[in-house]
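Next come the chains, spelled out residue by residue.
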Amino acid sequence: GIANPYIDAEIMKLAIEAFKKLGLDVVIKLNNRKVLSAIAQIIDAPNKLTDITTAIDKLDKIGIDKVVDELLNRDLTKEKIEFILPIINLSGSNIDRINSLNSTLGENEDGAAGIKELQTIIDHLENLELNSKIVIDQSLARGLNYYTGAIIEVTADDVEIGSVCGGGRYDDLTCIFGLPDTSGVCISFGA
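The shown structure was predicted, so the numbers you read here are calculated from the model rather than taken from an experiment.

## Structural notes on the overall build of the protein chain
Reasoning step 1: Along its length, the protein chain carries eight helices and five strands.
Reasoning step 2: N-terminal to C-terminal, the α/β element order of the protein chain is α-β-α-α-α-α-α-α-α-β-β-β-β.
Reasoning step 3: Whereas a compact globule of 191 residues would reach a radius of gyration of roughly 16 Å, the protein chain reaches 16 Å, a difference of no more than 12%.
Reasoning step 4: Each of the three principal axes of the protein chain carries a C-alpha extent, and together these read 45 × 40 × 30 Å.
Reasoning step 5: Pairs at least 24 apart in sequence give 63% of the contacts found in the protein chain among residues at least 6 apart.

What follows is the structure in structure tokens.
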């Protein structure tokens, strides 16, 4: 199987449409596992990818200082953390964020592939004119190692109830169930 960001975008469209029927305005947060992998590779810590993603995924819950403490406790140096922080704190429009990612991670093979997938998804969703907020969020990791591409989280725009939907792309997961070479993308709803 091969990742298909158009299918990933269509899954997000389904989530947006479901929440519109429920009368709930949502924000779609989007990241890509390849981008996170590129960060770990560039700081010469590919074996720390899970440690990095687990820590940064807590940014909204525990704040930046505690994320830094957690990264330090996972044996990342201050220099490596100083490389990570501007990436997970990107601001501006999605185009600004894509441009920043390109300048920082675009020379890395995984980084370039992940950025291209993010751009394809954003472009496709904008063409669908869904009128929902779609935000690239580099702190989004969902803490699950089986994602291989898009990482998706949906939050209510005007209600503080946390995530109401999440999921992502997985290209290797079915292999453990005896079904090799089958990629997929999924989302689950909940509150």
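Moving on from the model shown.
## Some thoughts on the pattern of salt bridges
Reasoning step 1: Enumeration according to the criterion identifies 10 salt bridges in this entry.
Reasoning step 2: With a shortest N-O distance of 2.6 Å, Asp-8 and Arg-169 are connected by a salt bridge. Of this pair, Asp-8 sits in helix α1 (residues 5–21) while Arg-169 sits in strand β4 (residues 163–170), and the two are 161 residues apart along the sequence. Each of the two residues, Asp-8 as well as Arg-169, counts as buried.
Reasoning step 3: Residues Glu-117 and Lys-34 are paired through a salt bridge, measuring 2.7 Å at the closest nitrogen-oxygen approach. One end of the pair, Glu-117, is in helix α8 (residues 109–127); the other, Lys-34, is in helix α2 (residues 33–42), and 83 residues separate them in sequence. No difference in accessibility class separates Glu-117 from Lys-34, as the two residues are buried.
Reasoning step 4: One continuous salt-bridge network, built from bridges that share partners, spans Lys-48, Asp-51, Lys-58, Glu-70 and Arg-74.

## Overview of the sheet that holds strand β2 (residues 133–136)
Reasoning step 1: Overall, mixed pairing links the five strands, which are arranged β2-β1-β3-β4-β5 in an open sheet. With one partner strand each, in any of the chains shown, β2 and β5 (184–189) form the two edges of the open sheet. Direction aside, the axes of adjacent strands within the sheet are offset by 15° on average.
Reasoning step 2: The sheet contact formed by β4 and β5 spans six bridges and is antiparallel. Along β5, the bridge assignment pairs Gly-167 with Ile-187.
Reasoning step 3: Packed on one face of the sheet, α2 meets β1 (26–32) and β3 (150–156) and runs near 45° to β1.
Reasoning step 4: Packed onto the sheet, α8 meets β1, β2 and β3 and runs at close to 155° relative to β1.

## Quick notes on the environment of Val-164
Reasoning step 1: Locating Val-164 in the fold gives a position in strand β4.
Reasoning step 2: Val-164 gets classed as buried once you look at its relative accessible area, which sits at 5%.
Reasoning step 3: Separated by 10 residues in sequence, Val-164 and Val-154 have C-alpha atoms that sit 5.7 Å apart.
Reasoning step 4: When neighbours within four sequence positions are excluded, Val-164 is seen to be in contact with Phe-19, Val-154, Thr-155, Ala-156, Ser-188, Phe-189 and Gly-190.

## Examining the packing of helix α5 (residues 64–73) against helix α6 (residues 78–88)
Reasoning step 1: Two elements in contact, α5 and α6, have axes whose closest approach is 10 Å; the angle formed by their N-to-C orientations is 140°. For the pair α5 and α6, the crossing hand works out as right-handed. On α6, the residues touching Ile-64, Val-68, Leu-71 and Leu-72 of α5 are Lys-78, Ile-81, Leu-85 and Ile-88.
Reasoning step 2: Residue composition of the contact of α5 with α6, by class: seven nonpolar, no polar and one charged.

## Looking at the pairing of β3
Reasoning step 1: Burial runs high along β3: seven of the seven residues are buried.
Reasoning step 2: Judged by which residues are buried, β3 turns out to be covered on both faces: Ala-150, Ile-152, Val-154 and Ala-156 on one side and Ile-151, Glu-153 and Thr-155 on the other are all buried.
Reasoning step 3: Two strands pair when backbone bridges link them, and β1 and β3 are joined in this way by seven bridges, in the antiparallel orientation. Across the sheet, residue Leu-30 finds its bridge partner in β3, namely Ile-152.
Reasoning step 4: Across five bridges, β3 lies against β4 in antiparallel orientation. By the bridge assignment, Thr-155 is partnered in β4 with Ser-163.
Reasoning step 5: Between β3 and β4, which pair antiparallel in sequence order, lie six residues; one of them, Gly-162, sits at a positive phi of approximately 80°.

Thresholds applied
- Residues numbered from 1 in each chain as written.
- Predicted model: local features only at pLDDT ≥ 70, side-chain atom pairs only at ≥ 80, totals over all residues.
- Heavy atoms only, no water.
- Helix = DSSP H or I, 4+ residues; strand = E, 2+ residues; numbered from the N terminus.
- Rg over C-alpha atoms; globule rule 2.2 N^0.38 Å.
- Contact = heavy atoms within 4.5 Å.
- Salt bridge = Lys/Arg side-chain N within 4 Å of Asp/Glu carboxyl O.
- Buried < 20%, exposed > 50% of the residue type's maximum accessible area, 1.4 Å probe, protein only.
- Pairing = 2+ DSSP bridges.
- Axes fitted to C-alpha atoms, helices over the stretch in contact; angles between N-to-C directions.
- Left-handed = near helix turned anticlockwise from the far one by under 90°.
- Nonpolar A, V, L, I, M, F, W, Y, C, P; charged D, E, K, R; others polar.

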